[in-house]
Amino acid sequence: MGLVFAGVVAGAGAASPALAHDVVVSSTPDDGEVLTEPIKTVSMTFSDDILMGAGAVALMTVTDIDDGHHESGCVSIDGDSVSTDVALGESGEYLVTWQVVSSDGHPTSGTYTFEWKPSMPTATTTAMTYSPTCGDAWSGTAQSTSSGLESATATAAPVEPGTLPLNAVPEPTMTILNSAPAGQTDHSALTVPLLIALIVGIVAVLSAVVVIVMRRIRRT
Ligand SMILES: [Cu+2]
């Protein structure tokens, strides 16, 4: 009996990875959970180790009901668990969308929801309108990587046109640099012909007045 049982277990153990993708065993927060305390990460545990590297990419997004993104864009894989940093915004339902490569080499994906219902007023963060790439600015604080810090600071800092530091390189700054003088150019381009027209008009009026006055003087 014991030998038969062992054989069945061994058979089942050998067969299961080939038969099915890894499944979600648990997650934090859990599927359908009502969160009342703030969280900094969303993590999921699978039935087997998740593949990573060489084309095996794990993705996780955490979006609110308005499709605003609250994930950092960085996904950590540690054996059978996958996690991402999050910064939740307004209370309400959040959707976790995930995609991993199962231990059998097959891409697997799914979604689940949880509800954010803070027990105390909490500082909310602004959602991103797109899914940030790891290292980019996101709705939370900058990631530990230095490049993430730089780009987060560059996009977060509001820059007044005209007060730009000359060594400002990041793209958002470049956009402002390009748009501000363009606006000024448009303005002066409009003003110069207007000014010329005005001067021509004044000269015309003045000469007309002079002519009229001269005629009156001649008559008297
Ligand atoms: Cu599979």
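## Describing the overall build of the protein chain
Then, number 1: Helix and strand counts for the protein chain come out as three helices and eight strands.
Then, number 2: Listed by position from the N terminus, the elements making up the protein chain come as α-β-β-β-β-β-β-β-β-α-α.
Then, number 3: Burial status across the protein chain gives 24% buried among its 220 residues.
Then, number 4: A separation of at least 24 residues holds for 60% of the contacts in the protein chain among residues at least 6 apart in sequence.

## Digging into the coordination of the copper ion
Then, number 1: Coordination of the copper ion by the protein is provided by His 21 (ND1), Asp 104 (OD) and His 106 (ND1), with metal-donor distances spanning 1.9 to 2.1 Å.
Then, number 2: Going along the chain, you hit the donors of the copper ion in the pattern H-x82-D-x1-H. In this pair, His 21 is assigned in the loop between helix H1 (2–19) and strand S1 (24–28) and Asp 104 in the loop between strand S7 (92–101) and strand S8 (107–116), connecting sequence segments 83 residues apart.

## Considering the packing of aromatic side chains
Then, number 1: Enumeration according to the criterion identifies two aromatic pairs in this entry.
Then, number 2: Here Phe 46 and Trp 98 contribute two aromatic rings whose centre-to-centre distance is 5.1 Å and whose plane-to-plane angle is 70°, an arrangement assigned as edge-to-face. Of the two residues, Phe 46 sits in strand S3 (residues 41–46) while Trp 98 sits in strand S7, which places them 52 residues apart along the sequence. The two residues Phe 46 and Trp 98 agree in class, both being buried.
Then, number 3: Consider the rings of Tyr 94 and Phe 114, whose centres lie 5.7 Å apart with planes at 10°: the pair is stacked. In this pair, Tyr 94 is assigned in strand S7 and Phe 114 in strand S8, connecting sequence segments 20 residues apart. Of the two residues, Tyr 94 and Phe 114, both sit in the buried class.

## Some thoughts on the pairing of strand S5 (residues 71–78)
Then, number 1: Bridge analysis of S5 against strand S6 (residues 81–86) gives five bridges, and the strand direction is antiparallel. Residue pairing across strands places Ser 76 opposite Ser 83, the latter belonging to S6.
Then, number 2: Between S5 and S6, which pair antiparallel one after the other, the connecting turn spans two residues, and Gly 79 there sits at a positive phi close to 65°.

So, how was this worked out
- Residue positions are given per chain, counted from 1 along the sequence in the order it is written.
- Given that the model is predicted, a residue must reach a pLDDT of at least 70 before its local features are reported, and side-chain atom pairs must reach 80 or more before they are shown or counted; all residues, however, enter totals for whole chains, interfaces and linings.
- Side-chain numbers come from the whole structure's heavy atoms, not from hydrogens or water.
- Strands are runs of DSSP state E lasting at least 2 residues, helices are runs of H or I lasting at least 4, and numbering of each runs from the N terminus.
- Burial here depends on accessible area, computed with a 1.4 Å probe over protein chains only, as a share of the maximum for the residue type. Under 20% is buried, over 50% is exposed, and the range in between is partly exposed.
- Residue contacts are defined here by distance: any two heavy atoms, one from each residue, within 4.5 Å place the two residues in contact.
- Distances define the donors: N, O and S atoms within 2.8 Å of the metal qualify, as do those within 3.2 Å of Na, K or Ca. Water is excluded, so some sites may look unfinished.
- Any two of the Phe, Tyr and Trp rings considered here, Trp counted by its six-membered ring, make a pair once their centres fall within 6.5 Å; the pair's planes then place it as stacked at under 30 degrees, edge-to-face at over 60, or tilted in between.
- Paired strands, in this sense, are two strands between which DSSP finds at least two bridges.

Everything listed is a geometric property; what it means functionally is a separate question.
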